[in-house]
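# Coordinate analysis (summary)
Here are the chains, one letter per residue:
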Amino acid sequence: LQQQKELTNWAGNFTFSTSNLHYPTTIAQLQGLIKKYLKVKALGTRHCFNRIADSKYQLISLKAMTSEIQIDEAAGTVTVNGAMKYGELAPFLDNKGFALHNLASLPHISIAGAIATATHGSGLKNGNLSSVVSGLEMVLASGEVIHLSREKDGEKFFAAVVGLGALGIVTKVTLNIVPTFFVRQDVYQDLPLSELEKHFNEIQESGYSVSLFTDWQKQSINETWIKKKTDKDDTSKSTAEFFGGKAATKNLHPIAELSAENCTEQMGVPGKWYERLPHFKMGFTPSSGKELQSEYFVPIENGVEAIMAIQKLGKLIGPHLFISEIRTIDADEFWMSPCYKQQSMTIHFTWKQDWPAVKKLLPIIENELSPFNAKPHWGKLFTMPYSRLRTLHPKMNEFREMAASLDPKGKFRNDFLERNVFG
């Protein structure tokens, strides 16, 4: 047990309700801790902006457990410790000639934490990070170790992967891998909203992964980031225009006033997949995170309407916002994923760190997006009540039953889960 003075999340917007943090080094030690305490929660890289990973009792980090990486070339998989960060795994895989299909905008997040909250990355045909999970090792409330796989466990597997930390502590994750690849990143400024309205699908299909950054203050998208698969010798220049947007003349940060030095290389220069798919470089801690984040998923077919609904709120949102990002993600089969059986577009908000102001804005945004059945990201800030969340997640009842069977006494539940999932 390490008594921390005060444990905060990455953004510093909240302090955990306990400073009891344990670092087991073996599965046996982890089992012992889980059996010993009535209530425990796993702690990852602390990148959530809400209290989904909070505990008033005991926190457990898997950081000190051995993190050997096992590649199975025949199966096309890699197995890792759940606490490993994507930014640590990626160069190792690349070195061996492999890649992951996608990465989130930050490579600094832990694998088990990212998949537990259906954290995503981008691309019309790219499922979120959990979509390439093929197996899990998890320690249950009883201390029993179970192994679940996509092949053998069907629906139980689809319930457990995006588990919200409610079912057990995930110690190992097996991911599908692909041959390594190269990506170039081209950025365009001031793409007119009128063009986005007319050509939304073509714009989203123009790259392997496309991100639109806007502050909702003018009738255009501030920056359009297009990530395309390419080969390492690609020297072709970006086109001067893209649907009315002008090619950037230098590397940009999504927030125009900030220096681009901690952003991944742009200007059409090819680079390894893991040096282009995230927006930020692993070597830099992205801005110490003096920010808040919210994000909502809508069905892709309502994407343009949802953007226009938020655009109308520009004057209201502007004073409190750093930047918004619009992305797409493919459908998946995970019960508690916001993309469950739904190809989605997300509207993400990076807010200034003023929770009282943001707390007033979120219900207004949620109301504007309600005709499209917008679902919040589980790890970010929202004000939607359980009565609404329950109607948005068709498998919530079955998920609760699964949680009750694996964790009958609610050892892994906390206030956030009791309020938003168990009602």
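Scroll up for the structure.
Throughout what follows, the structure given in this document is the object of discussion. (Residues numbered from 1 in each chain as written. Predicted model: local features only at pLDDT ≥ 70, side-chain atom pairs only at ≥ 80, totals over all residues. Heavy atoms only, no water.)

### Here we look at the environment of His 47
The condition that has to hold: Secondary structure follows DSSP: runs of H or I at least 4 residues long count as helices, runs of E at least 2 residues long count as strands, and numbering of each begins at the N terminus. Any two residues having at least one pair of non-hydrogen atoms within 4.5 Å are treated as being in contact.
By the element assignment, His 47 lies in the loop between β3 (41–42) and β4 (59–60). Distance from His 47 to His 147, taken between C-alpha atoms, is 26 Å for residues 100 residues apart in sequence. Those residues in contact with His 47, other than ones at most four positions away along the chain, are Trp 10, Leu 106, Ile 109 and Gln 293.

### With respect to the packing of aromatic side chains
For clarity, the cut-off: Centre distance within 6.5 Å is the pairing criterion for rings of Phe, Tyr and Trp, where only the six-membered ring of Trp is used; planes under 30 degrees apart are then read as stacked, over 60 as edge-to-face, and the remainder as tilted. Charges are assigned to positions over rings by a cutoff of 6 Å between ring centre and Lys NZ or Arg CZ, combined with an angular limit of 35 degrees from the ring normal.
Tallying each qualifying case throughout the model produces 16 aromatic pairs. Clustering of aromatic rings is evident, with ring pairs tying together Phe 181, Tyr 208, Trp 273 and Tyr 274. Over the face of the ring belonging to Trp 335 we find Lys 395, whose NZ or CZ atom lies 4.8 Å from the ring centre. Here the guanidinium or amino end of Arg 413 rests over the ring plane of Phe 422, the centre of that ring lying 3.7 Å away.

### Overview of the state of the cysteines
Here, the word disulfide means a covalent bond between the sulfur atoms of two cysteines. Convention followed: Count a disulfide wherever a pair of cysteine sulfur atoms falls within 2.5 Å.
Going through the model one piece at a time under the given rule, you end up with zero disulfides. Here Cys 48 is not cross-linked by a disulfide; its sulfur's nearest cysteine counterpart is in Cys 339, at 16 Å.

### Remarks on the side chain of Arg 327
Here is the rule: Polar contact criterion, stated in full: a pair of N or O atoms within 3.5 Å, where within protein one must be able to donate a hydrogen and the other to accept it, and residues adjacent in sequence count only if both atoms are side-chain atoms.
Its place among the elements puts Arg 327 in strand β19 (residues 321–329). Here Glu 325 takes part through its side chain, which lies 3.5 Å from a polar atom of the side chain of Arg 327. Once you skip the residues sitting within four places of it in the chain, Arg 327 turns out to touch Ser 105, His 120, Gly 121, Ser 122, Val 210, Ser 211, Glu 295, Ser 344, Met 345, Thr 346 and His 348.

### Looking at the nonpolar core
Operational definition: To define a nonpolar core, start from buried Ala, Val, Leu, Ile, Met, Phe, Trp, Tyr and Cys residues and group those joined through side-chain atoms within 4.5 Å. Remark: exposure states derive from per-residue accessible area (1.4 Å probe, protein chains only) relative to the maximum for the residue type, with buried under 20%, exposed over 50%, and partly exposed in between.
Ranked by size, the top nonpolar core spans 105 residues in total, and within it Leu 89, Trp 273, Ile 347, Phe 349 and Trp 351 carry the most contacts. In terms of nonpolar packing, the next biggest core, distinct from the first, is built from twelve residues, Leu 30, Ile 34, Tyr 37 and Val 40 among them.

### Focus: the sheet that holds strand β10 (residues 169–176)
Threshold: Here, any two strands with at least 2 DSSP bridges between them count as paired. Interaxial angle, 0 to 180 degrees, is taken between N-to-C directions of lines fitted to C-alpha atoms, where a helix line uses only the stretch in contact.
Here we have five strands laid out as an open sheet, ordered β5-β6-β10-β8-β9, and antiparallel in their pairing. What marks the edges here is a single partner per strand, and that holds for β5 (70–72) and β9 (145–149). Between one strand axis and the next, the sheet turns by 15 degrees as a mean value, whatever way the strands run. The sheet contact formed by β5 and strand β6 (residues 77–81) spans three bridges and is antiparallel. In the sheet register, Asp 72 faces β6, and the bridge partner there is Thr 77. In the packing of helix α2 (residues 86–95) onto the sheet, contacts are made with β5, β6 and β10, and the angle to β6 comes to roughly 145 degrees.

### Points about the environment of Gly 154
Relative to the elements of secondary structure, Gly 154 occurs in helix α4 (residues 150–160). With a relative accessible area of 27%, Gly 154 lands in the partly exposed category. In this structure the C-alpha to C-alpha distance between Gly 154 and Lys 172, which are 18 residues apart in sequence, comes to 18 Å.

### Here we look at the packing of helix α6 (residues 303–311) against helix α8 (residues 355–369)
What counts here: A clockwise turn of the near helix away from the far one marks a right-handed crossing, whereas an anticlockwise turn of less than a right angle marks a left-handed crossing.
One way to put it is that α6 packs onto α8 with a least axis distance of 9 Å and a crossing angle of 145 degrees. Of the two elements, α6 crosses α8, and the hand of that crossing is right-handed. For the pair formed by α6 and α8, the contact residues are Ala 306, Ala 309 and Ile 310 on the first element and Ile 365, Glu 368 and Leu 369 on the second.

### Here we look at the packing of α4 against helix α10 (residues 396–406)
The condition is simple: Oblique is the label for any angle not under 35 degrees, not over 145, and not in the 65 to 115 range, which are roughly parallel, roughly antiparallel and roughly perpendicular in turn. Under the grouping applied here, Gly and all other residues not named as nonpolar or charged are polar, the nonpolar ones being Ala, Val, Leu, Ile, Met, Phe, Trp, Tyr, Cys and Pro and the charged ones Asp, Glu, Lys and Arg.
One way to put it is that α4 packs onto α10 with a least axis distance of 10 Å and a crossing angle of 95 degrees. One finds that α4 runs roughly perpendicular with respect to α10. Residue-level inspection shows Lys 156, Ala 159 and Ala 160 of α4 in contact with α10, the latter providing Phe 399, Met 402 and Leu 406. Its residues placed into classes, the contact of α4 with α10 shows five nonpolar, no polar and one charged.

### Overview of the pattern of salt bridges
Let me state the cut-off plainly: Definition used for salt bridges: Asp or Glu carboxyl oxygen within 4 Å of a side-chain nitrogen of Lys or Arg.
A full pass over the atoms with the stated rule returns 16 salt bridges. Residue Glu 155 is joined to Lys 395 by a salt bridge in which the shortest nitrogen-to-oxygen separation is 3.8 Å. With Glu 155 in helix α4 and Lys 395 in the loop between α9 (386–392) and α10, this pair connects stretches of sequence that are 240 residues apart. Under the relative-accessibility criterion, Lys 395 is labelled buried at 16%. For Glu 241, the salt bridge identified is with Lys 246, shortest N-O distance 3.5 Å. For Glu 241, a relative accessible area of 47% translates into the label partly exposed. A relative accessible area of 47% places Lys 246 in the partly exposed class.

### Re the pairing of strand β13 (residues 209–214)
A regular strand carries its side chains on alternate faces of the sheet. Across the six residues that make up β13, a large majority, six, are buried. Where β13 meets strand β14 (residues 220–230), five bridges bridge the pair, whose relative direction is antiparallel. Bridging from a neighbouring strand, Leu 212 pairs with Thr 224 of β14. Two successive antiparallel strands, β13 and β14, enclose a turn made up of five residues, where Trp 216 displays a positive phi of approximately 65 degrees. Sheet analysis places β13 next to β19, joined by three bridges and oriented antiparallel. From the neighbouring strand, Phe 213 faces β19, where its bridge partner is Glu 325.

### Focus: unusual backbone geometry
Most peptide bonds adopt trans geometry, and most residues besides glycine take a negative phi value. With a phi angle near 60 degrees, Arg 46 is a residue other than glycine that sits in the positive phi range. Tracing the chain through its elements places Arg 46 in the loop between β3 and β4. Phi is positive for Asp 190, which is not a glycine, with a value near 60 degrees. Assignment of secondary structure puts Asp 190 in strand β12 (residues 182–192). Given the relative accessible area of 38%, Asp 190 is considered partly exposed.

Keep in mind that these numbers describe shape and distance, not what the molecule does.
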